[in-house]
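# Structural features, examined
Spelled out, the chains give:
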Amino acid sequence: MRTITAHEFPQEIADVYVRARRLEWITVGYIASSTAFLFFVMGSSQAMRTSFFEDAVSIVPAVAFLVCTRLARRAPTDNFPYGLHRATSIGHLIAALALSTMGLFLLIEGGLKLISQEKATIGTVTFLGHSIWAGWPMLIALLYTAVPSFFLGRMKTRLAPCLHDKILHADAAMMRADWMSETAAAAGVIGLGVGIWWLDPFAAIVVSGSIMRDGWANLRVAVTDLADRRPMKTDGSDWEDLPEEVRQTLENLAWVQQAEVRLREEGHFFMGEAFVVPKAGTSGLTTLIMEAAANVKRLDWRVHDIVIMPVESLSQMKAGEPSQRREMQA
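For every chain, the first residue of the written sequence is number 1, and numbering continues from 1 along that sequence. Whole-chain, interface and lining totals are the exception, using all residues; otherwise, since this is a predicted model, local features are given only for residues with pLDDT of at least 70 and side-chain atom pairs are given and counted only at 80 or more. Excluded from the side-chain calculation are hydrogens and water; included are all heavy atoms of the structure.

## Topic: the overall build of the protein
Runs of E in the DSSP output that reach at least two residues are strands. Runs of H or I that reach at least four are helices, and both are numbered from the N terminus. A tally of helices and strands in the protein yields 10 helices and five strands. Burial classes: relative accessible area under 20% of the type maximum marks a residue as buried, over 50% as exposed, and values in between as partly exposed (1.4 Å probe, protein chains only). Put simply, the protein has 330 residues, and 49% of those count as buried. The contact criterion used throughout is that any non-hydrogen atoms of two residues lie within 4.5 Å. Considering only intrachain contacts with a sequence separation of at least 6, the fraction spanning at least 24 residues in the protein is 73%. Note on areas: Shrake-Rupley, 1.4 Å probe, and residue coverage restricted to the protein chains presented here. Carbon and sulfur atoms provide 63% of the accessible area of the protein, an area that totals close to 16,100 Å².

## A closer look at helix H4 (residues 87–116)
What a helix should span is 1.5 Å times the count of its residues minus one. Between its terminal C-alpha atoms H4 stretches 44 Å, which fits the 44 Å expected from 30 residues at 1.5 Å a residue. Positive phi shows up at Gln117, right after H4, with a value of about 55°.

## Thoughts on the side chain of Glu266
Relative to the helices and strands, Glu266 is located in strand S3 (residues 256–266). We call two N or O atoms a polar contact when they sit within 3.5 Å, provided that within protein one can donate a hydrogen and the other can accept it, with sequence-adjacent residues counted only if both atoms are side-chain atoms. Here the side chain of Glu266 touches Arg86 through a polar contact of 3.2 Å, side chain to side chain. In terms of polar contacts, Glu266 uses its side chain to reach the side chain of Arg264, at 3.2 Å. Leaving out residues up to four positions away in the same chain, Glu266 has contacts with His85, Arg86 and Met271.

## With respect to a nonpolar patch on the surface
On the surface, a cluster of nonpolar side chains totalling about 540 Å² of accessible area is made up of Ile190, Val194, Ile196, Trp198, Phe202 and Val206. With respect to the helices and strands, Val194 occurs in the loop between helix H6 (166–193) and helix H7 (199–226). Excluding any residue in a salt bridge, patches collect residues exceeding 30% relative accessible area, merging like charges within 9 Å and nonpolar Val, Leu, Ile, Met, Phe, Trp and Tyr side chains within 5 Å. Here, a salt bridge means any Lys or Arg side-chain nitrogen found within 4 Å of an Asp or Glu carboxyl oxygen.

## Describing the sheet that holds S3
Two strands form a pair only when DSSP identifies at least two bridges running between them. Sheet architecture is open: three strands sit in the order S3-S4-S5, paired in mixed fashion. One side of each edge strand has no neighbouring strand; the edge strands of this open sheet are S3 and strand S5 (303–310). If you compare each strand with its neighbour and ignore which way they point, the axes differ by 20° on average. Pairing geometry for strand S4 (residues 269–278) and S5, over seven bridges, is parallel. Across the sheet, the residue bridging to Gly272 is Ile306, located in S5. Its contacts with the sheet place helix H8 (residues 242–251) against S3, S4 and S5, and it is angled at close to 150° to S3. In this analysis an axis means a line fitted to C-alpha atoms, helices contributing only their contacting stretch, and an angle means the value between N-to-C directions, from 0 to 180 degrees.

## Notes on the side chain of Arg21
Positionally, Arg21 belongs in helix H1 (residues 11–41). Within the buried set, Arg21 has no salt-bridge partner at all; the shortest N-O distance to an opposite charge, 8.7 Å, is to Asp165. If near-sequence neighbours (up to four positions away) are discounted, Arg21 is found in contact with Phe65, Leu66, Thr69 and Arg70. By the counting scheme adopted, Arg and Lys are positive, Glu and Asp are negative, and His together with the chain ends is not counted.

## Details of the environment of Ser313
With respect to the secondary-structure elements, Ser313 resides in the loop between S5 and helix H10 (324–329). In this structure the C-alpha to C-alpha distance between Ser313 and Gln257, which are 56 residues apart in sequence, comes to 9.9 Å.

## A look at the nonpolar core
With 25 residues, the main nonpolar core has Phe9, Ala20, Phe65, Leu159, Leu163 and Leu168 as its most contacted residues. Sorting the residues of this core by element identifies H1, helix H3 (59–72), helix H5 (135–163) and H6 as the ones contributing at least two each. When residues in this core are grouped by element, the largest group, nine residues, is from H1. Ignoring anything within four residues of it in the chain, the contact list for Ala20 reads Phe65, Leu159, Leu163 and Leu168. Side-chain atoms within 4.5 Å are what join buried Ala, Val, Leu, Ile, Met, Phe, Trp, Tyr and Cys residues into a set we call a nonpolar core.

## Some details on the pattern of salt bridges
Between side chains of opposite charge, pairing is possible as soon as their charged atoms come close. One pass over the full model with this rule turns up 17 salt bridges. Between Glu266 and Arg86 there is a salt bridge whose closest N-O contact spans 3.2 Å. On the criterion of sequence distance, the pair formed by Glu266 in strand S3 and Arg86 in the loop between H3 and H4 is long-range, its members being 180 residues apart. Among the charged side chains, a network of salt bridges with common partners joins Arg86, Asp228, Arg262, Arg264, Glu266 and Glu273.

Pasting the structure below:
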């Protein structure tokens, strides 16, 4: 059985991919250490407990990226003739589910603590023979967690669009939520220290709400991507321009009268079909179509496979299946 040739990243994108994997390995090591630190100092503070669980779950996107991008770069086989590019979309779904579930659990737990008016206390610990307020180690742990998250998140935010990798973008969003939630947790710890008991569960609710918001946003994008929705930009801010660029490229060919394009996301890449109406008297369609497909693939490295089909009229497209271009104009 003939299989589709395995796609490799262009060299400049491959370099970005290597940097992204390096960042994710650093993230895994850092999160493991920060989670251990938070576990040993969290005490009875609900905000600290929430930050601990958030840190533990925030490792999921990093691990999903490392595993799924490795799978996605495997060559096609007889059983998977299109390759495993959608492994990254599945990884995005797994990360989003983990964030959403944990965020909901912690939100409910924090809310119950606030309603029941369960008042946590922060005592003292002995350090080098001196008794100190236990809140100080907590604040140091939160600082240790927040500062690297800030810088790692910014670096991942820059790399995610270059790779068109939504797991990496979700991880960057999680890093941003991390340092913001650690700030809220610190406010909760300080609140306990000055006797404002409700500030601790309130901070926990704020943190868990942030986790759940990011989780649900990524879950919606992951599910609709797997359902072959029209491609969106990596950050989900708008529709991708590439389908329209492909259409215009085809219509600029001397032998094409009209064209319509449908693309779907397969992990980092786009695949789809183009319907073209050849001009009257066009001959040598086989050669022309092969050249057109090559031109389209040169437009953007993300165009992995494009099937070009000549039709007599664009009205031959299935009813109720409007083109991406018409949807964009609407």
